[in-house]
Amino acid sequence: MEKHEEVKNGVIFPVGERNEAYAQFFVGQSYLKTLIADPKVSVGVGNVTFEPGCRNNWHIHRDGFQLLLVTGGEGWYQEEGKPAQFLKAGDVIVTHDGVKHWHGATKDSWFEHIAITAGRPEWLEPVDDQTYNKL
C-alpha cells in the first residue's frame, strides 16, 4: 500500500498537471502546478507532487537558489557527497547556488513540496536505481 495517498489530490494547493515539460529530468511521474510565473518577479514558485518512487535528476541551480517547503508525504533530499535527508511535512530545505542535488518521493509514499526557485537549472544525470534503492 502506498503511504500518504491524500497528497495525490493536493495538500494545500492543487496537484496540477502531469509534469510533461520536465519529464525528461525525472524518473517516474511528477505533477506541477505553477503558482507564480511573473516575469517582473525574479523567482518562480510551483507546487511539485511526486508519485511513490519518483525523483528528479541530479541538478544545479546556476545564478540562483532553490527553497523547498515540504507540504505532504515523505521524500528524500541529497546533496552530492552528503547522506540523503529524509523529508516530511513541515521540513524546509535551502539549496544554495552551484550545489549539485536531487529530491523526490520515497519508494512507497507520495510526496509534495513547494519549490521557490531563482536562476536557471542545469539538469544532470538521473539518480540511479542502485543508489535510490539503498535509501
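Keep in mind that what you see is a predicted model, and the values were worked out from it rather than measured.

Definitions and cut-offs
Residues numbered from 1 in each chain as written. Predicted model: local features only at pLDDT ≥ 70, side-chain atom pairs only at ≥ 80, totals over all residues. Heavy atoms only, no water. Salt bridge = Lys/Arg side-chain N within 4 Å of Asp/Glu carboxyl O. Helix = DSSP H or I, 4+ residues; strand = E, 2+ residues; numbered from the N terminus. Buried < 20%, exposed > 50% of the residue type's maximum accessible area, 1.4 Å probe, protein only. Contact = heavy atoms within 4.5 Å. UniProt positions renumbered as here; feature names shortened; annotations may be inferred. Core = buried A, V, L, I, M, F, W, Y, C linked by side-chain atoms within 4.5 Å. Phe/Tyr/Trp six-rings, centres within 6.5 Å; stacked < 30°, edge-to-face > 60°.

Trainee: Tell me about the pattern of salt bridges, and name the residues and values.
Mentor: In this structure the tally under the stated criterion is ten salt bridges. Residues K88 and D91 are paired through a salt bridge, measuring 3.6 Å at the closest nitrogen-oxygen approach. Ionic contacts of the salt-bridge type, sharing partners, join the residues K3, E74 and D108 into one network.

Trainee: Pulling in residues and values, what's your account of the environment of D129?
Mentor: Tracing the backbone through its elements, the reader meets D129 in helix α1 (residues 129-133). Counting along the chain gives 76 residues from D129 to G53, while the straight-line C-alpha distance between them is 9.8 Å.

Trainee: Give a detailed account of the side chain of H113, specifying residues and quantitative values.
Mentor: Here H113 lies in strand β10 (residues 111-123). For H113, a relative accessible area of 1% puts it in the buried group. Among all residues touching H113, those that are not within four sequence positions of it are G46, N47, V48, F50, L68, L69, V70, T71 and H103.

Trainee: How would you explain the UniProt feature "domain: Cupin type-2" (unreviewed entry) in the protein if you had to name every residue and give the values?
Mentor: UniProt marks residues 48-109 with the feature "domain: Cupin type-2" (unreviewed entry), using the numbering shown here. Across residues 48-109 one finds 0% helix and 63% strand; the C-alpha atoms that close the span lie 14 Å apart.

Trainee: Kindly report on the nonpolar core, identifying the contributing residues and their values.
Mentor: By size, the foremost hydrophobic cluster in this structure holds 13 residues, and its most contacted members are F26, F50, L68, Y77, L87, I93 and F111. Put simply, the parts of the chain that give this core at least two residues each are β4 (44-50), β6 (59-79) and β10. Among all residues touching F26, those that are not within four sequence positions of it are N19, F50, C54, R55, N56 and N57. Counting residues in each nonpolar core, the second largest holds five residues, with W58, W102, V127 and Y132 among its members.

Trainee: Before we move on, could you go through unusual backbone geometry and cite the residues and values that matter?
Mentor: Among all residues except glycine, the phi angle is most often negative; among peptide bonds, the trans geometry is most common. For H4, which is not glycine, the phi torsion reads 60° and is therefore positive. Its place among the elements puts H4 in the segment before β1 (17-18).

Trainee: Got a sec to walk through the packing of aromatic side chains? Specific residues and values, please.
Mentor: All chains considered together, the criterion is met by nine aromatic pairs. Aromatic pair F25 and W123: ring centres 4.7 Å apart, planes at 10°, arrangement stacked. Taken together, the residues span a long stretch of sequence, with F25 in the loop between β1 and β2 (26-27) and W123 in strand β10 at a distance of 98 residues. Judged by relative accessible area, which is 19%, F25 ranks as buried. You can call W123 partly exposed: its relative accessible area is 21%. Summarising the aromatic geometry, the rings of Y31 and W110 are spaced 6.3 Å apart at their centres and angled 25° between planes, so their arrangement reads as stacked. Here W110 lies in the loop between β9 (101-105) and β10 and Y31 lies in strand β3 (residues 30-36), a separation of 79 residues in the sequence. Take Y31 and W110: they sit in the same class, and that class is buried.

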